[in-house]
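Reading the structure
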Amino acid sequence: MAFGIEADLILINGRIWRGREEGISEALAVWQGKVLATGSDADILGLKGPRTEVIDLEGLFATPPASSTTTCISSQPAWPWAGSTRRPRARRR
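Residues numbered from 1 in each chain as written. Predicted model: local features only at pLDDT ≥ 70, side-chain atom pairs only at ≥ 80, totals over all residues. Heavy atoms only, no water.

Some remarks on the environment of A7
Tracing the backbone through its elements, the reader meets A7 in the segment before β1 (9–12). Along the chain, A7 and K34 lie 27 residues apart, while their C-alpha atoms are 9.8 Å from each other. If we ignore the near neighbours within four places in the chain, the residues touching A7 are A29, V30, L36, L47 and T52. (Helix = DSSP H or I, 4+ residues; strand = E, 2+ residues; numbered from the N terminus. Contact = heavy atoms within 4.5 Å.)

Structural notes on the pairing of strand β5 (residues 34–39)
The sheet contact formed by strand β4 (residues 27–31) and β5 spans 5 bridges and is antiparallel. The residue of β5 that forms the bridge with L28 is T38. Remark: 2 residues form the turn of the hairpin made by β4 and β5, two consecutive strands paired antiparallel; Q32 in that turn has positive phi of roughly 50°. (Pairing = 2+ DSSP bridges.)

Brief notes about the nonpolar core
In this structure, L9, L11, I16, L28, V30, V35, I55, L57 and A62 together form the largest nonpolar core, which totals 9 residues. Those elements that place two or more of their residues in this core are β1 and β4. Ranked by size, the runner-up nonpolar core spans 8 residues in total, among them I10, I12, A29 and I44. (Core = buried A, V, L, I, M, F, W, Y, C linked by side-chain atoms within 4.5 Å. Buried < 20%, exposed > 50% of the residue type's maximum accessible area, 1.4 Å probe, protein only.)

Section: the sheet that holds strand β3 (residues 23–25)
Here we have 3 strands laid out as an open sheet, ordered β3-β2-β7, and mixed in their pairing. Looking at strand neighbours, the two that pair on one side only are β3 and β7 (61–62), the edges of this open sheet.

Without other data, these values stay purely geometric and don't point to any function.
See below:
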């Protein structure tokens, strides 16, 4: 775990929109309702702890809700940040 912080939620194997300039990442880690980090699956899984929920997006696209697109990604809540108020049809690991 980087910085001694354990993510609450990790989304992996996805196409995660970080913004026009930042582009797309494979994975996202959330801690206390905020985006902790984005990057490759391998990098983000380094933030996994024993209580971390990991969701495999199986290639699904994740983006902030349309009403939040002008705000900074790091200020988005953990859920529905992944683009929906319902969980994706993805596999839990």
